[in-house]
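Each chain, letter by letter, is given below.
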Amino acid sequence: MNVLTTARLRLIPVDTRNAHALWKLLQEPGLREFQDLPKFDAQGFRRSVEQRERRLRPGSLGRFEWLMYRGSETRALGWVSLRMQERDPESGEVGYSVIESERNQGFASEAVRAIIAEGFSAARLARIRAFCIPENVPSRVVLEKIGFTQKATLPHGAMVHGKPVDVLAFVLER
Ligand SMILES: CC(C)(COP(=O)(O)OP(=O)(O)OC[C@H]1O[C@@H](n2cnc3c(N)ncnc32)[C@H](O)[C@@H]1OP(=O)(O)O)[C@@H](O)C(=O)NCCC(=O)NCCS
């Protein structure tokens, strides 16, 4: 995985050395209103990261994540992820979150654009998908700004707070 840089951000690949920083971020308030996040303890999370593929290339499967840092700051302000599954290896799914105090400054959009470019170039993906629940307006705005097209509503397509919810499916072709 590559370090990605944008106008304002450094996106640092998550591996066992910095898994703890992502785990800490996952404990921040305001991230779980519209999505269920892994409930690992710190060690379990590190072990799950250890099992991931390290190189993003054509045919890569599993989850690839980057921590988001502004300039030379050492405190992460969010993360972005790209996930490929065996049943559809030419498609990647993006995920993204920004801590509450740093929202509405365009950071998610900037970071998601960068991992989309990386998904299309390093992994040669044919398309990138994204899913969010209808009530998550900021997330929908991010996807629409980037150029994703809303394709379908998937009834009970995800779980939030342990309950099935309808989700909007978005796609961006290569
Ligand atoms: C979704 C999320 C990542 C967006 O992060 P962000 O850095 O604030 O995103 P951006 O600033 O790039 O874009 C957000 C856009 O939503 C807009 N927005 C925010 N709240 C809004 C509202 N209530 N109504 C309309 N637009 C709204 C912002 O104005 C901004 O658009 P603009 O750049 O055109 O002004 C962030 O809200 C978050 O982490 N939420 C919790 C976790 C989550 O839901 N993750 C996504 C799961 S699908």
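Residues numbered from 1 in each chain as written. Predicted model: local features only at pLDDT ≥ 70, side-chain atom pairs only at ≥ 80, totals over all residues. Heavy atoms only, no water.

Comments concerning the packing of helix α1 (residues 19–26) against helix α2 (residues 42–50)
No. 1: Where α1 contacts α2, the axes come no closer than 9 Å and their chain directions differ by 125°. By the angle between their axes, α1 is oblique relative to α2. Between α1 and α2 the crossing geometry is right-handed. Within the contact between the two elements, α1 uses Ala-19, His-20, Leu-22, Trp-23 and Leu-26 and α2 uses Ala-42, Phe-45, Arg-46 and Val-49.
No. 2: The class makeup of the residues in the contact of α1 with α2 is seven nonpolar, one polar and one charged. (Axes fitted to C-alpha atoms, helices over the stretch in contact; angles between N-to-C directions. Helix = DSSP H or I, 4+ residues; strand = E, 2+ residues; numbered from the N terminus. Parallel < 35°, antiparallel > 145°, perpendicular 65-115°, else oblique. Left-handed = near helix turned anticlockwise from the far one by under 90°. Contact = heavy atoms within 4.5 Å. Nonpolar A, V, L, I, M, F, W, Y, C, P; charged D, E, K, R; others polar.)

Quick notes on the sheet that holds strand β5 (residues 91–98)
No. 1: Taken in spatial order, the eight strands make up an open sheet running β1-β2-β3-β4-β5-β6-β8-β7, and their pairing is mixed. The two strands at the open ends of the sheet, each matched to only one other strand, are β1 (4–5) and β7 (149–160).
No. 2: Both strand β4 (residues 78–84) and β5 contribute to a ladder of seven bridges, which runs antiparallel. Note on β5: the bridge partner recorded for Met-84 is Gly-92.
No. 3: Contacting β5, β6 (127–132) and β8 (163–173), helix α4 (residues 137–146) crosses the sheet at an angle of about 15° to β8. (Pairing = 2+ DSSP bridges.)

Observations regarding the pattern of salt bridges
No. 1: Scanning the entire structure with this criterion turns up nine salt bridges.
No. 2: Between Arg-75 and Glu-28 there is a salt bridge whose closest N-O contact spans 4.0 Å. Of the two residues, Arg-75 sits in the loop between β3 (62–70) and β4 while Glu-28 sits in the loop between α1 and α2, which places them 47 residues apart along the sequence.
No. 3: Among the residues examined, Arg-75 registers a relative accessible area of 49% and is labelled partly exposed.
No. 4: We classify Glu-28 as partly exposed; its relative accessible area is 26%.
No. 5: One salt-bridge network, in which partners are shared between bridges, spans Arg-70, Glu-73 and Glu-102. (Salt bridge = Lys/Arg side-chain N within 4 Å of Asp/Glu carboxyl O. Buried < 20%, exposed > 50% of the residue type's maximum accessible area, 1.4 Å probe, protein only.)

Comments concerning helix α3 (residues 107–121)
No. 1: A rise of 1.5 Å per residue sets the reference length of α3, with its 15 residues, at 21 Å; its end C-alpha atoms lie 21 Å apart and thus fit the reference within 8%.
No. 2: With twelve of its 15 residues buried, α3 lies for the most part within the structure. (Expected span 1.5 Å × (residues − 1).)

Points about the confidence of the model for the protein chain
No. 1: Put simply, the protein chain has an average pLDDT of 94, and 100% of its residues get 70 or more.
No. 2: Within the protein chain, β7 has the poorest average pLDDT of any element, 91, and α3 the best, 98. (pLDDT = per-residue confidence, 0-100.)

Comments concerning the site of the ligand
No. 1: Close contacts around the ligand come from 22 residues, with Asn-104, Gly-106, Ser-109, Asn-136 and Lys-145 the closest.
No. 2: Here Gly-106 contributes a backbone N or O atom positioned 2.7 Å from an oxygen atom of the ligand.
No. 3: Contact with the protein chains hides 72% of the accessible area of the ligand, taken as 960 Å² for the molecule alone.
No. 4: Of all elements in the fold, only β5, α3, β6 and α4 reach the threshold of two or more residues within the shell around the ligand. (Near = heavy atom within 4 Å. Polar contact = N/O pair within 3.5 Å; in protein donor to acceptor, adjacent residues only side chain to side chain. Areas by Shrake-Rupley, 256 points an atom, 1.4 Å probe, with all protein chains shown as cover.)

Examining the packing of α3 against α4
No. 1: Taken N-terminus to C-terminus, the directions of α3 and α4 make an angle of 50°; their axes are 10 Å apart at the nearest point. Accordingly, the angle class assigned to the pair α3 and α4 is oblique. With respect to the hand of their crossing, α3 and α4 are arranged in right-handed fashion. Contacts between α3 and α4 involve Ala-108, Ser-109, Val-112, Arg-113 and Ile-116 on the former and, on the latter, Val-142, Lys-145 and Ile-146.
No. 2: Considered class by class, the residues forming the contact of α3 with α4 number five nonpolar, one polar and two charged.

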